[in-house]
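Geometric and topological summary
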Amino acid sequence: MLAVLGLAMAAAARTGPMAVHGGMALILGLVLIFAIGGALYDHPDQGEGRLSRYYDAPTRFGIVMTLIWAVIGMGVGVWLAALMYWPEATPRWPATSFGRLRPVHTSGVIFGFGGNALIATSFWVLQRTSRARLADAVSPWFVLIGYNLFCLWAVSGYLMGATQSKEYAEPEWYADVWLTIVWVTYFVLYIRTLARRAEPHIYVANWYYMAFILVVAMLHIVNNLALPVSWTVAESFPVWAGVQDAMIQWWYGHNAVAFFLTAGFLGMLYYFLPVRAQRPIWSYRLSILSFWGIVFFYMWAGSHHLHYTALPYWVQTLGMTFSVMLLVPSWASAGNAIATLNGAWHKVRDDATLRFMFVAAVFYGLSTFEGSFLAIRPVNSLSHYTDWTVGHVHSGTLGWVAMIVFGAIYSLVPKFSGREDMAWPAAVEWHFWLAVAGTLVYVVAL
C-alpha cells in the first residue's frame, strides 16, 4: 500500500517536493515488501509461549533511529551556530541557507530525536507496567516506520523549500495527513495494549504517555487544518488567518513544549529513575496531582508568546496567569524525582546513567521556573527577541530532554543483550561530564 501511495504521489506531482517524497515512499514500500516477505519464512518468535513474552524489537529499532536523528539534528544545529558567526560561509545552494536549515535542526531534534525516543520507550514502559505484550506485531512497526518517513519528508521538504511557515509545524499538507494516520494508529495500539493488561493498576508513567499521544494528535489536527492549492503540489493555505492564526499557532507551539517535550518525557522519568535507583517514587499521590495540574494549566499558557500584539489583552493575561500557576505542578514533579533519590545518593555518585536522570530533573525544575517568569508581561518585554530566550529553550532541550533520553537509553540498551551495564562505562562517564559542561557553557553564555 505504501509503494502504491508513493507511486501515485510521484505520478501525480511529476516534479517538485511531492514527487520526490512519493519516490521515497515507493522505495521504502518496495524495501518493506522484501523485508516482510523474508520474515514469513523466519519463525524465531513462534511457539506456545510467544504471547507471554514482551515484544521489544520495535523499541530496539526506535532507539537506533533516536541516535541517528540526534546526530542529524544536533549536527545541523552546530552548522547553524557557525553560520550565525560566519554568514559568508553559506554555500551558493538554496538548500544550505539559514532559513531552510533552521527547521531541519528543530524538527530533527524535537521530532526525530525526541519523538523516536518517546515512541520507543513508551512501548517498553507500557509492556512492563501492564505486564502485557503489545496488542499486535504490525502496528508498532507501522507507527515507527511511518513516523520516520514523516520526519524524512519534513526535513527533505525544508531543504527543497516546501514549508507551511508555521513554527514546529512546517511540513506540507500530505505529510500532515500521513502523520495523523500514523498517530491515530499509535493511540489505538496504546489503548488496546492497556486494555489487555494483567496489572489492574495503570502506572503513572502511562498517564503521561497517554496525555502526550492524545493531546499531540489534537494539536496537530487543529493547527494544520489547511486547503491544498492542488492535490499535485506541496503547497497549501491554512484555514486560520490573522490573529486567530497566531493564537492557534502558539496554542499548538507551547503545547508541543507541554505535551511533546514535557509530558512524554515525564513518563520516561517516572519509570526509569525509580527503576535505576531501585527506590519507589517518593510520593505517588503527588505524581498524580502534578499530572492533572500540568495537563490542565499548560493547555491555557500558549498566549504568553503573543504579549504586546493584536491578541486581546485578556487572552494575553490568561496565558500569563496560567504560566505562573504552572510552576506548582512542574516543581512538584521535579521535587518528587529528586526526593525519590533520598537514600540512593551513593548510587548517583557512582552511576553516570542515574546522574543523567538526576541532572535532567534539576534542569526541568530550573527551566520551568525560568519559563514561568519569562511569561510575565513586563519580564517578557525585556527578554523577548533576545538570546536569553534561545538559552532558555536549550536549557530545556539539552538539560532536560536530552539528559533524560540518554539516561533511558543507557538503562535500556544493556537489557537488549542481557547485560547489566554498558560495554564501556567510562564512555558514559565522559558523555555525562561533556554534556553537562557543554550545556552550561551554552546556556550561561546566552
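Within each chain, residue numbers correspond to sequence positions counted from 1 in written order. With the structure being a predicted model, the display of local features is reserved for residues of pLDDT at least 70 and the display and counting of side-chain atom pairs for 80 or more, all residues being used for whole-chain, interface and lining totals. By convention in this description, side-chain values take in all heavy atoms of the structure and omit both hydrogens and water.

Regarding its fold elements, the protein presents 16 helices and two strands. Throughout, the radius of gyration refers to the C-alpha atoms, and the reference size of a globule is 2.2 Å times the residue count to the power 0.38. Relative to the globule expectation of 22 Å for 446 residues, the C-alpha radius of gyration of the protein, 22 Å, shows essentially globular dimensions. Along the first, second and third principal axes, the C-alpha set of the protein runs to 65 × 55 × 40 Å. For the protein, buried positions account for 53% of its 446 residues. For the protein, the share of sequence-separated contacts (at least 6 apart) that also reach a separation of at least 24 residues comes to 80%. Surface exposure here means Shrake-Rupley accessible area, sampled with a 1.4 Å probe, where a residue is shielded only by the protein chains that are shown. For the protein, the exposed area adds up to about 20500 Å²; of that, 73% sits on carbon and sulfur atoms. Of the charged side chains in the protein, 23 are positive and 20 negative, and the gap between their average positions amounts to 7 Å. Where helices and strands are cited, they refer to DSSP runs of H or I of at least four residues and of E of at least two residues respectively, numbered from the N terminus. For every residue, the accessible area (1.4 Å probe, protein chains only) is compared with the maximum for its type, and the residue is labelled buried under 20%, exposed over 50%, or partly exposed between those bounds. Contacts are residue-level and defined by heavy atoms, with any inter-residue pair within 4.5 Å sufficient. Counting rule applied: Lys, Arg positive; Asp, Glu negative; His and chain ends not counted. Lys charges are placed at NZ, Arg charges at CZ, Asp charges at CG and Glu charges at CD.

Another point: the environment of Trp207. Relative to the helices and strands, Trp207 is located in helix α7 (residues 204-223). Given a relative accessible area of 25%, Trp207 falls into the partly exposed group. Trp207 sits 182 residues away from Thr389 along the chain, and the two C-alpha atoms are 30 Å apart. Setting aside chain neighbours within four positions, we find Trp207 in contact with Ile202, Ile288, Phe291 and Trp292. The definition of a polar contact used here is a pair of N or O atoms within 3.5 Å, where within protein one atom must be able to donate a hydrogen and the other to accept one, and adjacent residues in sequence count solely through side-chain atom pairs. Reaching out from Trp207, the side chain makes a polar contact with the backbone oxygen of Ile202 at a distance of 3.1 Å.

Okay, the side chain of Thr96 next. Its location among the elements puts Thr96 in the loop between α3 (57-85) and α4 (98-130). A relative accessible area of 4% places Thr96 in the buried class.

Another point: the pattern of salt bridges. Think of a salt bridge as a Lys or Arg side-chain nitrogen and an Asp or Glu carboxyl oxygen that are within 4 Å of each other. In total, this model carries nine salt bridges according to the counting rule given. Notably, a salt bridge pairs Asp245 with Lys166, separated by 2.9 Å at the nearest N-O pair. With Asp245 in helix α8 (residues 242-277) and Lys166 in the loop between α5 (139-159) and α6 (173-195), the pair connects residues that are 79 residues apart, well separated along the chain. When its relative accessible area of 6% is taken as the criterion, Lys166 is described as buried. Between Glu429 and Arg355 there is a salt bridge; the shortest N-O distance is 2.7 Å.

Turning our eyes to something else, we now look at the packing of α6 against α7. At a minimum axis distance of 10 Å, the contact between α6 and α7 shows a crossing angle of 155°. Judged on the interaxial angle alone, α7 and α6 are roughly antiparallel. Where α6 crosses over α7, the handedness of that crossing is left-handed. In this structure, α6 uses Asp176, Leu179, Thr180, Trp183, Tyr186, Phe187, Tyr190, Ile191 and Leu194 to contact α7, whose residues at the interface are Asn206, Tyr209, Met210, Phe212, Ile213, Leu214, Val216, Ala217, His220 and Ile221. Here the nonpolar group is Ala, Val, Leu, Ile, Met, Phe, Trp, Tyr, Cys and Pro; Asp, Glu, Lys and Arg are the charged ones; every other residue, Gly included, is treated as polar. Considering only residue class, the contact of α6 with α7 consists of 15 nonpolar, three polar and one charged. Orientation is described by axes fitted as lines to C-alpha atoms, over the contacting stretch for helices, and by angles from 0 to 180 degrees between their N-to-C directions. Any angle that is under 35 degrees is reported as roughly parallel, and any over 145 degrees as roughly antiparallel; angles of 65 to 115 degrees are reported as roughly perpendicular and all others as oblique. Take the far helix as your reference; a near helix turned counterclockwise from it by less than a right angle gives a left-handed crossing, and one turned clockwise gives a right-handed crossing.

Before going further, it helps to examine the packing of aromatic side chains. Only the six-membered ring of Trp is used, alongside the rings of Phe and Tyr, when aromatic pairs are assigned; centres must lie within 6.5 Å, and planes under 30 degrees apart are stacked while those over 60 apart are edge-to-face, with the rest tilted. By the definition in use, this model includes 39 aromatic pairs. For the ring pair Phe111 and Phe260, a centre distance of 5.2 Å and an interplane angle of 80° mean the geometry is edge-to-face. One end of the pair, Phe111, is in helix α4; the other, Phe260, is in helix α8, and 149 residues separate them in sequence. For the pair Phe111 and Phe260, a shared accessibility class is recorded, and that class is buried. Ring geometry for Phe356 and Tyr410: centres 5.7 Å apart, planes at 45°, overall tilted. Pair noted here: Phe356 is in helix α13 (residues 352-374) and Tyr410 is in helix α15 (residues 387-416), with a separation of 54 residues, a long-range link. Taken as a pair, Phe356 and Tyr410 share a single burial class, namely buried. Linked through ring pairs, Phe111, Phe123, Tyr147, Phe150, Trp183, Tyr186, Tyr190, Phe212 and Phe260 together constitute an aromatic cluster. A cation sits over an aromatic face here: Arg60 above Phe416, 4.9 Å from the ring centre. The ring centre of Phe432 lies 5.0 Å from the NZ or CZ of Arg355, which sits over that ring. Distance and angle both matter: a charge sits over a ring if NZ of Lys or CZ of Arg is within 6 Å of the ring centre and within 35 degrees of the ring normal.

These values are about where atoms sit, not about what they do.
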